[in-house]
Amino acid sequence: MPVPLLPLIGAGLAGGFITDQFQKAGERKEVKKLLQQQKMAENMLGSPTGGFSGGTGFGPNMVFNPLGSYQNILRYTDQMGDQQMRNMVKGIAAAEPYTDRAKKRDFERNMAAARFRTQLGTQQGLTLQGQRGAQALAQQGMGGAMSALGSNYQYQ
């Protein structure tokens, strides 16, 4: 069964009107008074953008007023930067013993590796030198043996 739309539309409009009335009935006089005082204070203080349109915040208040919001922001960021610098210095000072100890261990490990490489190289050099000396002696001995065999050869 189709529902007629006209009564629904009328009920919606009436509902909006009734809701409006409830909201107005629920408002408190103290809240209205505070809102009116706030509007009056805003008018007394002037434009928050220093008379510039568009709400950019740029204007004479930005540079010349030492108590202005822009100067407050600059002071706040300067203080935060100083605090972060102090914290960084404290952190570096706290980490220094650990990094020094790690660097010392790395240095000792590198020096031990260098000593090992030097010892290994020395041992290899001595072994090679000994082998070459033995080879040279063997060649001399073979040469001497060959000449001895050649000079004492007897034909039969």
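Residues numbered from 1 in each chain as written. Predicted model: local features only at pLDDT ≥ 70, side-chain atom pairs only at ≥ 80, totals over all residues. Heavy atoms only, no water.

**Q** Is there a simple way to explain the overall build of the chain in this structure?
**A** Looking only at helices and strands, one finds 4 helices and 0 strands in the chain. The 156 residues of the chain split such that 3% are buried. Accessible surface for the chain amounts to roughly 14300 Å². Of this, 63% is attributable to carbon and sulfur atoms. (Helix = DSSP H or I, 4+ residues; strand = E, 2+ residues; numbered from the N terminus. Buried < 20%, exposed > 50% of the residue type's maximum accessible area, 1.4 Å probe, protein only. Areas by Shrake-Rupley, 256 points an atom, 1.4 Å probe, with all protein chains shown as cover.)

**Q** Sorry if this is basic, but what is going on with a nonpolar patch on the surface here?
**A** Taken together, the side chains of Met85, Met88, Val89 and Ile92 present a nonpolar region at the surface, about 390 Å² in accessible area. Relative to the elements of secondary structure, Met85 occurs in helix 4 (residues 69-151). Here Met85 falls in the partly exposed class, since its relative accessible area comes to 47%. (Patch = residues over 30% accessible without salt bridge, like charges linked within 9 Å, V, L, I, M, F, W, Y side chains within 5 Å. Salt bridge = Lys/Arg side-chain N within 4 Å of Asp/Glu carboxyl O.)

**Q** Mind showing me how you'd approach the pattern of salt bridges here?
**A** Pairing is possible between side chains of opposite charge, provided their charged atoms come close. The tally for this structure, following the rule as stated, stands at 1 salt bridge. A salt bridge links Arg109 to Asp106; its shortest N-O distance comes to 2.3 Å. Taken together, the positions of Arg109 and Asp106, both in helix 4 and 3 residues apart, correspond to about one turn of that helix. A relative accessible area of 35% places Asp106 in the partly exposed class.

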